[in-house]
Amino acid sequence: MGLPKSMDLRCLLLNIVFISVVNALLAFGIASQDERRCSVGRIEKLMRIRCYNMDLKEVPQNLKTSVEVLDLSYNRIRKLKSGSFQRYTDIKFLMLYENMILSVEPGTFAPLTALQEVDLSNNGLTTIPMELFSLPRLRNLYIDSNELRELHQDLEALQRPIRAPLEYLNLANCDLHDIPDLGILPNLWQLNVSANPLTDFHIEKLANLCHLRVIDLTRTQINSCDCQQVTNHLMTIGANPKFVPVCMDSLDSSVCPLPYNRTVNSETFRGCLNSAELAEVRSLWLFGAGCFGGVFLVLLVSWYCIHRWRKRRAHRRLSQSIQNRKHFVISPRNATNNRMEDEPLHCDTASA
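All of these numbers come straight from a predicted model, not from anything done at the bench.

Student: Any details on the overall build of the protein chain? Residues and values, ideally.
Tutor: For the protein chain, the count of helices and strands is 5 helices and 13 strands. With 352 residues in all, the protein chain has 36% of them scored as buried. At a minimum sequence separation of 6, the contacts of the protein chain that also span at least 24 residues come to 47%. With an accessible surface of roughly 22000 Å², the protein chain has 56% of that area assigned to carbon and sulfur atoms.

Student: Tell me about the state of the cysteines, and name the residues and values.
Tutor: One pass over the structure, following the stated rule, counts 3 disulfides. There is a disulfide in this structure between C38 and C51, and the S-S distance comes to 2.1 Å. With the S-S dihedral at roughly 120°, the linkage between C38 and C51 falls on the right-handed side. Highlighted residues: C38 in the loop between α2 (33–37) and β1 (39–43) and C51 in the loop between β2 (46–50) and β3 (69–71), separated in sequence by 13 residues. The residues C38 and C51 share a single accessibility class, namely buried. Each sulfur in the disulfide pair C225 and C256 lies 2.1 Å from the other. One disulfide, between C225 and C256, carries an S-S torsion of 90° and so falls in the right-handed class. Of the two residues, C225 is situated in helix α4 (residues 224–236) and C256 in the loop between α4 and α5 (267–324); the sequence distance between them amounts to 31 residues. For the residue pair C225 and C256, the accessibility class agrees, reading buried in each case.

Student: Please give an account of the confidence of the model for the protein chain that cites residues and values.
Tutor: In the predicted model, the protein chain carries a mean pLDDT of 84, and the fraction of residues at 70 or more is 78%. Long-range and interchain partners of residues 24–35, a stretch whose pLDDT sits below 50, account for 15 contacts in this model, where long-range means more than four residues apart.

Student: Quick one: what's the story with the pattern of salt bridges, residue by residue and with numbers?
Tutor: Applying the stated criterion across every chain, the model contains 11 salt bridges. The residue D55 makes a salt bridge to R76 at a minimum N-O spacing of 3.5 Å. Here D55, found in the loop between β2 and β3, pairs with R76, found in the loop between β3 and β4 (79–80); they are 21 residues apart in sequence, far enough to count as distant. For R76, a relative accessible area of 35% puts it in the partly exposed group. Residue E68 is joined to K92 by a salt bridge in which the shortest nitrogen-to-oxygen separation is 3.1 Å. With E68 in the loop between β2 and β3 and K92 in the loop between β4 and β5 (93–95), this residue pair connects regions lying 24 residues apart in the sequence. K92 sits in the partly exposed class, given a relative accessible area of 21%.

Student: So what's going on with the sheet that holds β5? Which residues, and what values?
Tutor: Spatially, 9 strands are ordered β1-β2-β3-β5-β7-β8-β9-β10-β11 in an open sheet, and the strand pairing comes out mixed. Every interior strand has two partners, whereas the edge strands, β1 and β11 (214–216), have only one. Put simply, the sheet's adjacent strands are angled 5° from each other on average, direction ignored. Relative to strand β9 (residues 168–170), strand β8 (residues 140–142) runs parallel, the two sharing 3 bridges.

Rules and cut-offs
- Residues numbered from 1 in each chain as written.
- Predicted model: local features only at pLDDT ≥ 70, side-chain atom pairs only at ≥ 80, totals over all residues.
- Heavy atoms only, no water.
- Helix = DSSP H or I, 4+ residues; strand = E, 2+ residues; numbered from the N terminus.
- Buried < 20%, exposed > 50% of the residue type's maximum accessible area, 1.4 Å probe, protein only.
- Contact = heavy atoms within 4.5 Å.
- Areas by Shrake-Rupley, 256 points an atom, 1.4 Å probe, with all protein chains shown as cover.
- Disulfide = S-S within 2.5 Å.
- pLDDT = per-residue confidence, 0-100.
- Salt bridge = Lys/Arg side-chain N within 4 Å of Asp/Glu carboxyl O.
- Pairing = 2+ DSSP bridges.
- Axes fitted to C-alpha atoms, helices over the stretch in contact; angles between N-to-C directions.

See the structure below:
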């Protein structure tokens, strides 16, 4: 009976020691809670770290620096600091929705030059971090369900055209009274501004979006004329008016003039088309230059290899001819005393 009791006591002591060691490691930051609970995996060959719903107060700094997909959604992050993502420059997809983010320090997103998509929806932001528009690869931006009261004021200092090649922009439920003026966006094909008042909607803002294919204006308060103008504009450019509210009244052009002079026939719209064409030409030139450079490099390497091969072959032939050449030695006949002074020296071939 004494043996089982001693074993139970030993197990109890081991458990106490183990718990004490783990608590000590946590206290000194050697094995943090974030590192133990964030799951690491791969999605479409991209490294993903999922720190979903972990009650985090800030961006963890002990994750793998090679992370490409980072999910920090459903946490309690209130502030993004300038060094929050400084260690994670490979991030391509960043999920920050359903947090409590109220402010973003300048320089927070600057290191994320590979970022293609960011989701900041359902937070407490009052504006869009302007540095997002400077990211060279950002295509998709979700910032819906934030009260962007200060956005209009911050956009006055925005340098246009923006650098980010935005293709999808979600600004739903942001208490907007007009579509934000981000300048020419030649790559944007889908815009969601649903659930906003849009009481000061201006149709000319759509001239910046020459390749727009889908715009969501549901649950907005645009008037009948704006509704009719948007529908006409979308049908003119071949876009989908599916998410435009049904115009209840068909207004005469004297009451609601056609929008073409402010949209498809405007200098802004033509500038947008030209910008898209220039971008396409630049892309083709870069592709052609890359192909030419690749072909030139292959030819250069091939020429170098052939040159080295010929040089080695010539050296090998020379060495072989030297080895096959017969050597001559001074003949013993030259050592005779009766050799005439004008008699030439005799040479014999050396025997193998």
